[in-house]
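Take a look at the letters that make up each chain.
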Amino acid sequence: VQLVESGGGLVQPGGSLRLSCAASGFTFSRYVMSWYRQAPGKERELVAGITSAGGSTGYGNFVKGRFTISRNNGKRTVDLQMNSLKPEDTAVYYCNARWEGTKYDYWGQGTQVTVSS
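Residues numbered from 1 in each chain as written. Predicted model: local features only at pLDDT ≥ 70, side-chain atom pairs only at ≥ 80, totals over all residues. Heavy atoms only, no water.

Draft legend 1. Region of interest: the pattern of salt bridges. All told, the structure shown has 5 salt bridges when counted by the stated rule. Linking Arg37 and Glu45 is a salt bridge whose minimum nitrogen-to-oxygen distance equals 2.7 Å. When its relative accessible area of 6% is taken as the criterion, Arg37 is described as buried. Taking relative accessible area as the criterion, Glu45 reaches 31% and is therefore assigned partly exposed. Where Glu100 meets Arg98, a salt bridge forms, and the shortest distance between an N and an O atom there is 3.3 Å. Through salt bridges with shared partners, a single network forms among Arg37, Glu45, Arg66 and Asp89. (Salt bridge = Lys/Arg side-chain N within 4 Å of Asp/Glu carboxyl O. Buried < 20%, exposed > 50% of the residue type's maximum accessible area, 1.4 Å probe, protein only.)

As C-alpha cells, this is what we get:
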C-alpha cells in the first residue's frame, strides 16, 4: 500500500497550491479519501474528505470555501486545490485512505506546505 503526496512547497499569502495524492496497492474506489494537516505543536486535523464515488465532500470549518477536494478513481488520485492561502495554513499535509466499517486505514508520508512572505 502506498499513498504518495506531492505539490507542497512555499507560497506567499493569498497564493494557491494544488496537492496530489497517488494511491497504489489497494482498491482505491472503495475508500473514503481525506486530507489532514498537522502544524508544529498542534494536533492533526481534518482538512477535507470525499466519499468513495466522489459524490459527497466535507471540509474543516477553517477552510471557508478556499479549498476543493476531488478524486479520479480511474487514475487513483485525490487532489486538494488550495486557494487564498494564509500563514496559518502552514503545516504538513497528509493523505488518508479509509475503508469505512473496516480496519483498513492508510496514511501517506506528508508534504510540507509553508505560507509565508
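Right, picking up where we left off after that structure.
Draft legend 2. Spatial organisation of the nonpolar core. With 28 residues, the main nonpolar core has Met33, Trp35, Leu80, Met82 and Tyr93 as its most contacted residues. Mapped by element, the contributors of at least two residues to this core are strand 3 (17-24), strand 4 (32-38), strand 5 (45-50), strand 7 (67-72), strand 8 (77-82), strand 9 (91-98) and strand 11 (111-115). Setting aside its immediate chain neighbours within four residues, Met33 contacts Leu3, Phe28, Ala48, Gly49, Ile50, Ile69, Arg71, Val78, Cys95, Asn96 and Ala97. (Core = buried A, V, L, I, M, F, W, Y, C linked by side-chain atoms within 4.5 Å. Helix = DSSP H or I, 4+ residues; strand = E, 2+ residues; numbered from the N terminus. Contact = heavy atoms within 4.5 Å.)

Draft legend 3. Representation of the pairing of strand 4 within the structure. For strand 4, a buried count of 6 out of 7 residues is recorded, marking the element as mostly surrounded by other parts of the structure. Here strand 4 runs beside strand 9; their pairing, made up of 7 bridges, is antiparallel. Its bridge partner being in strand 9, Met33 is matched across the sheet by Ala97. Bridging between strand 4 and strand 5 involves 5 bridges; their strand directions are antiparallel. (Pairing = 2+ DSSP bridges.)

Draft legend 4. Region of interest: the sheet that holds strand 7. Strand order across the open sheet formed by 4 strands is 1-3-8-7, with antiparallel pairing between neighbours. Among the strands making up the open sheet, the edge pair consists of strand 1 (2-6) and strand 7. The sheet shows a mean angle of 15 degrees between the axes of neighbouring strands, taken without regard to direction. Taken together, the 5 bridges between strand 1 and strand 3 define a ladder with antiparallel strand orientation. Note that in strand 3 the partner of Leu3 across the bridge is Ala23. (Axes fitted to C-alpha atoms, helices over the stretch in contact; angles between N-to-C directions.)

Draft legend 5. Examining unusual backbone geometry more closely. Even without being glycine, Arg76 reaches a positive phi, approximately 60 degrees. With respect to the helices, strands and loops of the structure, Arg76 is situated in the loop between strand 7 and strand 8. The exposure class assigned to Arg76 is partly exposed, which follows from its relative accessible area of 24%. One non-glycine residue, Ser84, lies in positive phi territory at about 50 degrees. Turning to its location among the elements, Ser84 is positioned in the loop between strand 8 and strand 9.

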